[in-house]
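# Structural characterization, general
Residue strings, one per chain:
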2 protein chains.
Amino acid sequence: MDRERSGLQSAFQGALAGRETVVPVEAVVVPPQPRRADAARNRKSVLEAAARLYAERGVERVTMDDIAAAAGVGKGTLYRGFTDRSGLAMALLDERARALQEAVLEGAAPLGPGAPAPERLGAFVAAYLGFQVDNLDLVLLSESGRGPGARLGKGSYAFYRQHLAWLLQQAGAPDPRTRAEVLLGALAAEQVRHWVVVEGRDLADVERRLVGVARALLG
Amino acid sequence: MDRERSGLQSAFQGALAGRETVVPVEAVVVPPQPRRADAARNRKSVLEAAARLYAERGVERVTMDDIAAAAGVGKGTLYRGFTDRSGLAMALLDERARALQEAVLEGAAPLGPGAPAPERLGAFVAAYLGFQVDNLDLVLLSESGRGPGARLGKGSYAFYRQHLAWLLQQAGAPDPRTRAEVLLGALAAEQVRHWVVVEGRDLADVERRLVGVARALLG
DNA sequence: CCATGGAGCGGACTCTAGTCCGTTTCCCAC
DNA sequence: GTGGGAAACGGACTAGAGTCCGCTCCATGG
């Protein structure tokens with residue numbers, strides 16, 4: 001899975017480990033590079049094939065064999081490049097996630113720097129919720145890895161947690177780290193799916209309520 | 001799955017649907033009864049075999065075939081009685097969950113009735129956290145159903161959500177329903193596992209922090 | 001411009017959850 | 001009792017994720 005973690009995430013991973021003090025996120029974008037030309041080519045066709053098939057038929061109706069066949073590679077290649085089904089989903093999400101992460105790091109306020117922490121917090125909740133809704137199936141897939149522990153500790157989770165913890169701390173919230181994790185739990189794909197898809201709630205309404213929760217967590 | 005839902009949960013299911021006003025939980029214990037003697041016998045041996053094998057080898061190392069063989073029934077019987085792997089886990093959890101639910105409904109304060117809502121809230125967080133930790137593997141399994149939407153809307157989730165929403169409302173919290181769901185998300189098995197098992201945090205510490213989160217959600 | 005070693009490939013194979021359907025067993029009506 | 005019909009059973013079968021390992025073919029260095 002290491003190869004799947006974008007450079008953006010890796011960069012601050014070290015500063016994170018076991019630290020009590022919350023530090024701001026610092027990051028540099030360095031995408032993973034296969035060492036051999038054929039590997040790079042295959043990686044690209046797999047991602048393209050997967051994106052196409054998922055879009056055409058929906059995530060549920062595409063098997064790993066389908067993807068391997070469509071990409072013109074063997075299953076071994078698939079699994080060498082992406083670890084498992086959820087790893088492939090993460091790779092597909094990576095680009096879009098990076099856009100959100102950059103917006104957070106250096107985009108316009110209030111999502112980006114410049115606005116006061118409580119405002120940034122609200123903007124982040126809205127933006128993250130939007131991201132989750134726009135990519136529900138893929139996020140769900142990316143979190144579904146076997147041997148639990150799928151969502152946490154994987155993917156860009158650490159990035160978002162760190163950012164939220166930082167904002168919460170800036171805003172003077174007690175126990176920012178835990179509250180960041182709780183907030184991300186409330187924004188988890190399964191929860192969002194339940195509210196928006198299963199219960200059919202209005203997205204703006206969900207957003208309002210979650211922003212309310214975020215504010216409550218400040219005190 | 002209906003057959004798996006304990007009477008305790010079914011009883012207030014109706015009062016719940018689509019209602020905006022939060023009502024207190026009312027419940028009666030009426031366990032599911034198979035119609036035929038052989039079915040009842042088989043159900044019992046399956047549950048016993050599963051409990052024994054899970055205890056002996058750990059949840060990960062027990063397949064559905066193992067359980068069927070150990071119980072002396074065919075796979076068809078297994079799936080007729082329990083829908084799927086996670087349904088079996090839920091059935092195993094049911095008895096223990098019922099104990100917690102009864103303690104909430106009619107046990108001693110502060111978990112049971114009698115104490116002021118904020119105190120009951122803290123007691124519930126502690127009790128529920130304890131339950132999750134004591135039954136981590138089974139709860140994880142019971143939440144792992146395929147086609148997402150495993151945790152929510154299944155099992156005793158509705159019961160706990162309702163209870164929490166009620167307490168939050170009594171304590172004057174805004175948007176009690178959403179906040180109940182957020183709190184349950186923070187207490188979800190995967191999250192608890194991450195804190196307690198993966199990060200090795202002290203249970204009492206996690207409890208304290210979560211009680212803090214619960215209090216924050218009151219305001 | 002080869003040679004070579006190791007990264008990368010492919011697809012047959014394994015393992016397990018979950019389905020299907022012909023057969024058995026129970027229970028009730030008579 | 002006993003006969004009929006439905007509920008329940010069992011185990012062969014299907015499907016799809018993930019593994020394994022012998023073969024291929026890049027890229028480097030002589």
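Residues numbered from 1 in each chain as written. Chains lettered and ligands numbered in written order. Predicted model: local features only at pLDDT ≥ 70, side-chain atom pairs only at ≥ 80, totals over all residues. Heavy atoms only, no water.

### Structural notes on the pattern of salt bridges
Between side chains of opposite charge, a pair can form as their charged atoms come close. If you walk through the whole model with that rule in mind, you get 30 salt bridges over all chains. Close ionic contact of Asp205(A) with Arg208(A) constitutes a salt bridge, the shortest N to O distance being 3.3 Å. Here the residue Asp205(A) and the residue Arg208(A) both occupy positions in helix H11 (residues 203-216), the gap between them amounting to three residues, near one helical turn. On the basis of relative accessibility, which here comes to 16%, the residue Asp205(A) falls in the buried class. In this structure, Arg52(B) and Glu56(B) form a salt bridge, with 3.2 Å as the shortest nitrogen-oxygen distance. Placement of the pair is Arg52(B) and Glu56(B) together in helix H2 (residues 37-57), with a separation of four residues, close to one helical turn. What makes Glu56(B) exposed here is its relative accessible area of 53%. Counted as one network, the salt bridges with shared partners bring together Arg161(A), Arg177(A), Glu181(A), Glu199(B) and Arg201(B). (Salt bridge = Lys/Arg side-chain N within 4 Å of Asp/Glu carboxyl O. Helix = DSSP H or I, 4+ residues; strand = E, 2+ residues; numbered from the N terminus. Buried < 20%, exposed > 50% of the residue type's maximum accessible area, 1.4 Å probe, protein only.)

### Thoughts on helix H4 (residues 75-82) of chain A
All names here are of chain A. Along H4, the positions that sit buried rather than exposed are Leu 78, Gly 81 and Phe 82. Projected down its long axis, H4 carries its buried residues within an arc of 75°, all on one side. Counted as exposed and oriented over 90 degrees from the buried face of H4: Gly 76 and Arg 80. In this structure, the buried residues of H4 make contact with helix H2 (37-57), helix H3 (64-71) and helix H5 (85-106). (Arc of directions from axis to C-beta. Contact = heavy atoms within 4.5 Å.)

### Remarks on the relation of the copies chain B and chain A
For these two chains of identical sequence, chain B goes onto chain A by a turn of 180° and a shift of 0.0 Å along the axis, with RMSD 0.0 Å. Both copies are brought into coincidence by an operation consistent with a two-fold rotation axis. Mapped onto chain A, 100% of the interface residues of chain B again fall at the interface, so both copies present the same surface. (Least-squares fit on C-alpha atoms with pLDDT ≥ 70 in both.)

### Focus on the protein's contact with DNA strand C
Taken together, 23 residues lie near DNA strand C, and Arg36(A), Asn42(A), Gly76(A), Ala37(B) and Lys75(B) sit nearest. For DNA strand C, the backbone makes up 65% of the atoms found within 4 Å of the protein, where backbone means sugar plus phosphate. Within the contact set of DNA strand C, a base oxygen lies 3.2 Å away from a side-chain nitrogen or oxygen of Arg36(B). Backbone polar atom of Met64(B) to a phosphate oxygen of DNA strand C: 3.0 Å apart, as the coordinates give it. Looking at the surface near DNA strand C, the elements that each hand over two or more residues are H2 and H4 of chain A together with H2 and helix H4 (75-82) of chain B. (Near = heavy atom within 4 Å. Polar contact = N/O pair within 3.5 Å; in protein donor to acceptor, adjacent residues only side chain to side chain.)

### Comments concerning the interface of chain B and chain A
At the junction of the two partners, chain B supplies 30 residues and chain A supplies 30 residues. Taking both partners together, chain B and chain A bury about 2600 Å²; carbon and sulfur atoms supply 54% of that area. Here chain B is connected to chain A by eight salt bridges. The interface formed by chain B and chain A holds 12 residue pairs in polar contact (both at pLDDT 80 or more) in total. (Buried area = accessible area lost by both parts, 1.4 Å probe.)

### Description of the packing of helix H6 (residues 117-134) of chain A against helix H8 (residues 157-170) of chain A
Residues and elements named next belong to chain A. At their nearest, the axes of H6 and H8 sit 8 Å apart, and the two run at 150° to each other. Comparing the axis directions of H6 and H8 gives the class roughly antiparallel. Here the hand of the crossing between H6 and H8 comes out left-handed. From H6, Ala 117, Arg 120, Leu 121, Phe 124 and Tyr 128 reach across to H8, where they touch Tyr 160, His 163, Leu 164, Leu 167, Leu 168 and Gln 170. Of the residues in the contact of H6 with H8, the class split is eight nonpolar, two polar and one charged. (Axes fitted to C-alpha atoms, helices over the stretch in contact; angles between N-to-C directions. Parallel < 35°, antiparallel > 145°, perpendicular 65-115°, else oblique. Left-handed = near helix turned anticlockwise from the far one by under 90°. Nonpolar A, V, L, I, M, F, W, Y, C, P; charged D, E, K, R; others polar.)

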